[in-house]
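# Understanding the architecture of this molecule
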Amino acid sequence: QEKVQQSPESLIVPEGAMSSLNCTFSNSASQSIWWYQQHPGKGPEALISIFSNGNKKEGRLTVYLNRASLHVSLHIRDSQPSDSAVYLCAVSMTNSAGNKLTFGIGTRVLVRP
Amino acid sequence: DPKIIQKPKYLVAVTGSEKILICEQYLGHNAMYWYRQSAKKPLEFMFSYSYQKLMDNQTASSRFQPQSSKKNHLDLQITALKPDDSATYFCASSQEGQGGTGQLYFGEGSKLTVL
């Protein structure tokens, strides 16, 4: 069974700084790795995904994936107070039974003005 | 406007009773899911449906029964409720197969408290 671990548990950064979040997974055959953002009382919302080794940049977000070390990281440049939320790492497996995401417990990010 | 509607947003039930959680999606997706989020635990996959057919069931208990009356509906019936069932239940959908991205879209959740 896939296991997803995230670190740190929580992160406080000043406005304008970089937020860096880490995620490790257990199955190198996993397909896409997703990052979701969840605000209190809301459902998770997809931010960015990555499939291939290397990095992917979208706006202020950069994701790095290293399948050999089973590690993915998310970096949020120029963090804003509105970025304060829980960030969930999720690993996707698609097979004959369909698409299934396995989530980590999340990293709580607080951006201080 | 929310594209995935879950009802009710909050509900309180007594042990042993039965509740139905409602989910409708207006994204035109062909796959729907239920996930559960309990305190201090990761979001946990429960069921997946594709074209109204059950694809995967990771819930050990038969007390949890998904029901799909229309292709954009996936309700969740929970019987013989226990305090351990207290959690927020999220419905999600995605477009699978050709042209799909595999991205899941989530509703805002139904928070269930069992006393």
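Heads up: the structure comes first, above all this text.
Given the structure is predicted, the values throughout are model-derived calculations rather than measurements.

## Digging into the interface of chain A and chain B
Of the residues lining the interface, 17 residues belong to chain A; the matching set on chain B comes to 23 residues. With both chains or domains summed, chain A and chain B bury close to 1,600 Å², and 54% of this area falls on carbon and sulfur atoms. Applying the counting rule to chain A against chain B returns one salt bridge. On inspection of chain A and its partner chain B, the count reaches five residue pairs in polar contact (both at pLDDT 80 or more).

## Topic: the sheet that holds strand β3 (residues 19–25) of chain B
All names here are of chain B. The sheet built from four strands is open, its strands ordered β1-β3-β8-β7 with antiparallel pairing. Among the strands making up the open sheet, the edge pair consists of β1 (4–7) and β7 (64–67). The average undirected angle you get between the axes of adjacent strands in this sheet is 15°.

## Concerning the pattern of salt bridges
All told, the structure shown has six salt bridges over all chains when counted by the stated rule. Note that D83 of chain A and R60 of chain A form a salt bridge whose closest N and O atoms lie 2.9 Å from each other. Pair noted here: D83 of chain A is in the loop between β8 (71–76) and β9 (85–95) and R60 of chain A is in the loop between β6 (54–58) and β7 (61–66), with a separation of 23 residues, a long-range link. Taking the relative accessible area as the measure of exposure, D83 of chain A reaches 8% and is therefore buried. Between R63 of chain B and D85 of chain B there is a salt bridge, and its shortest N-O distance comes to 2.8 Å.

## Points about the packing of aromatic side chains
Working definition: an aromatic ring pair is given by the centre-to-centre distance plus the angle between the planes. Residues and elements named next belong to chain B. If you walk through the whole model with that rule in mind, you get 10 aromatic pairs over all chains. Judged by centre distance (6.5 Å) and plane angle (50°), the ring pair of Y33 and Y35 falls under tilted. Ring centres of Y35 and F106 lie 5.6 Å apart, and the angle between their planes is 65°; this geometry places the pair in the edge-to-face category. Separated by 71 residues along the polypeptide, Y35 in strand β4 (residues 31–37) and F106 in strand β10 (residues 105–106) bring together distant segments of the chain. Residue Y35 shares its accessibility class with F106, and that shared class is buried.

## Here's the deal with the sheet that holds β6 of chain A
Residue and element names in this part refer to chain A. The strand order β1-β3-β8-β7-β6 describes an open sheet built from five strands, whose pairing is antiparallel. Each of the sheet's edge strands pairs with one partner strand only, and the pair in question is β1 (4–7) and β6. Going from strand to strand, the sheet's axes swing by 15° on average, the running direction of each strand aside. Pairing geometry for β7 and β8, over six bridges, is antiparallel. In the sheet register, L61 faces β8, and the bridge partner there is I76.

## Side note on the environment of L43 of chain B
Turning to its location among the elements, L43 of chain B is positioned in the loop between β4 and β5 (44–50). Distance from L43 of chain B to L112 of chain B, taken between C-alpha atoms, is 15 Å for residues 69 residues apart in sequence. Among all residues touching L43 of chain B, those that are not within four sequence positions of it are P44 and F103 of chain A together with Y35, R36, Q37, F90 and F106 of chain B.

## A few points about the pairing of strand β11 (residues 110–114) of chain B
Residue and element names in this part refer to chain B. The alternating pattern of β11 places S110, L112 and V114 on a buried face and K111 and T113 on a face that is not buried. As paired strands, strand β2 (residues 10–13) and β11 are joined by four bridges and run parallel to one another. Looking at β11, one finds that V12 is bridged to T113. Here strand β9 (residues 87–94) runs beside β11; their pairing, made up of three bridges, is antiparallel. By the bridge assignment, Y89 is partnered in β11 with S110.

The rules we used
Residues numbered from 1 in each chain as written. Chains lettered and ligands numbered in written order. Predicted model: local features only at pLDDT ≥ 70, side-chain atom pairs only at ≥ 80, totals over all residues. Heavy atoms only, no water. Contact = heavy atoms within 4.5 Å. Buried area = accessible area lost by both parts, 1.4 Å probe. Salt bridge = Lys/Arg side-chain N within 4 Å of Asp/Glu carboxyl O. Polar contact = N/O pair within 3.5 Å; in protein donor to acceptor, adjacent residues only side chain to side chain. Pairing = 2+ DSSP bridges. Helix = DSSP H or I, 4+ residues; strand = E, 2+ residues; numbered from the N terminus. Axes fitted to C-alpha atoms, helices over the stretch in contact; angles between N-to-C directions. Buried < 20%, exposed > 50% of the residue type's maximum accessible area, 1.4 Å probe, protein only. Phe/Tyr/Trp six-rings, centres within 6.5 Å; stacked < 30°, edge-to-face > 60°.

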